[in-house]
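# Analysis of the macromolecular model
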Amino acid sequence: MNEQLQPLKKPARTGKAGRSGTQDDIVYAHIFEAILEQRLAPGTKLSEEALGEIFGVSRTIIRRALSRLAHESVVLLRPNRGAVVASPTVEEARQVFFSRRMVERAITELAVQHATVEQLNELRQMVREERDSFSRGDRGAGIRLSGEFHLKLAEAAGNAPLVSFQRSLVSQTSLIIAQYESGTRSHCSYDEHMQLIDAIEARDAEQAVSLMMHHMDHIDSKLNLDDESASDDLHAVFSHLLKKPKVSVKG
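Reference entry: report on the structure contained in this document. In every chain, residue numbers begin from 1 and rise along the written sequence. Per-residue local features are limited, in this predicted model, to residues with pLDDT of at least 70; the limit for side-chain atom pairs, both in listing and counting, is 80 or more; totals at the level of whole chains, interfaces and linings are taken over all residues. As a rule here, side-chain values cover all heavy atoms of the structure and leave hydrogens and water aside.

### Regarding the overall build of the chain
- Where helices and strands are cited, they refer to DSSP runs of H or I of at least four residues and of E of at least two residues respectively, numbered from the N terminus. The helix and strand tally for the chain stands at 11 helices and 3 strands.
- The buried share among the 251 residues of the chain stands at 45%.
- Accessible surface, the chain as shown: approximately 13700 Å² in total, 51% of it carbon and sulfur. Here's how the labels work: a residue is buried when its accessible area is under 20% of the maximum for its type, exposed when over 50%, partly exposed in between, all with a 1.4 Å probe on protein chains only. Here, Shrake-Rupley sampling with a 1.4 Å probe gives the accessible areas, and only protein chains in the shown set may cover a residue.

Spelled out as structure tokens, the structure:
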């Protein structure tokens, strides 16, 4: 087996796991990125053997990385059946988005107080890269950069526990979007992100929070979380017919 893993090819982002460090750090970073880019679909089996071959490391290293991802609720470890990418239920998705709104509000308020000029410039550069990715049709990179924007914003807020919580919420959100997004797949998050940066730079907490909540509304509006829209219960599916009076047919 290879003793050294190759680092992530893309430039390191402070919002995601570093591309240097221990072997399980690097495996974790690659899998985390694949989830953010929606290249790993919900329910995908994560074979320790296959991942070990891909990364050239032992199963012990793979297990450590998967355990970290399971702690963030984006991987499910099933006893005697292996690991899979999590498939959030409708109720879990709603709970994640509720938590995300609370965290985003707090992060935005703190960012207004603590974000430095350098951090705001880094956020603007990230938004430009996000826009360019969508423009050239690289949707995966655009989605990843959109998620990383929120992680970088959490860092600008200057609250370490919020950064850790946000990391889990952003990766879970990516899975939810992959599983429940409906309608158009167009994105304009980069415009909303840029407006948010402007409000933070102006130290306008009320406007910044309003823009963030609008942004979350926009994401939420593209999801189909109506758990009554589809069912495997035939009686439920055709209940509207069962309520109608039977039509007699004369011979």
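### Considering the side chain of Arg 144
- Looking at the secondary structure, you find Arg 144 in helix H6 (residues 139-157).
- Pairs of N or O atoms are called polar contacts if they sit within 3.5 Å, as long as, within protein, a hydrogen donor faces a hydrogen acceptor (for residues adjacent in sequence, only side-chain-to-side-chain pairs). Within the structure, Arg 144 has its side chain in polar contact with the side chain of Glu 37 (distance 2.5 Å).

### Focus on the sheet that holds strand E3 (residues 82-85)
- Read from one edge of the open sheet, 3 strands run E1-E3-E2, paired in antiparallel fashion. Two strands bound the open sheet, and with one partner strand each, they are strand E1 (45-46) and strand E2 (75-78).
- Across the face of the sheet, helix H3 (residues 59-71) comes into contact with E1, E2 and E3 while running at roughly 115 degrees to E2. Strand pairing is defined by DSSP finding a minimum of two bridges between the two strands. Contact between two residues is taken to exist if any of their heavy atoms lie within 4.5 Å; hydrogens are not considered. Axes here mean lines fitted to C-alpha atoms, for a helix over just the part in contact, with angles spanning 0 to 180 degrees between N-to-C directions.

### Brief notes about the packing of H6 against helix H8 (residues 189-201)
- Two elements in contact, H6 and H8, have axes separated by 11 Å at closest approach and are oriented at 15 degrees. Put simply, H6 runs roughly parallel to H8. Crossing geometry of H6 relative to H8 is assigned as left-handed. For the pair formed by H6 and H8, the contact residues are Ser 146, Phe 149, His 150 and Leu 153 on the first element and Ser 189, His 193, Leu 196, Ile 197 and Ile 200 on the second. An angle below 35 degrees is treated as roughly parallel, one above 145 as roughly antiparallel, one from 65 to 115 as roughly perpendicular, and anything else as oblique. With the far helix as reference, a near helix turned anticlockwise by less than a right angle produces a left-handed crossing, and one turned clockwise produces a right-handed crossing.

### Notes on the nonpolar core
- By convention a nonpolar core is built from buried Ala, Val, Leu, Ile, Met, Phe, Trp, Tyr and Cys residues, the set being connected through side-chain atoms within 4.5 Å. In this structure, Phe 149, Leu 153, Leu 196 and Ile 200 are the most contacted members of the largest nonpolar core, which totals 40 residues.
- If you list the elements that add at least two residues to this core, you get helix H4 (90-114), helix H5 (117-135), H6, helix H7 (160-180), H8 and helix H9 (205-221).
- Examining the composition of this core, we find that 8 residues originate from one element, H4, more than from any other.
- The residues touching Leu 153, leaving out its near neighbours within four places in the chain, are Ile 107, Ala 111, Leu 123, Leu 196, Ile 200 and Met 212.
- Counting residues in hydrophobic clusters, the runner-up holds 25 residues, among them Tyr 28, Ala 34, Leu 51 and Ala 83.

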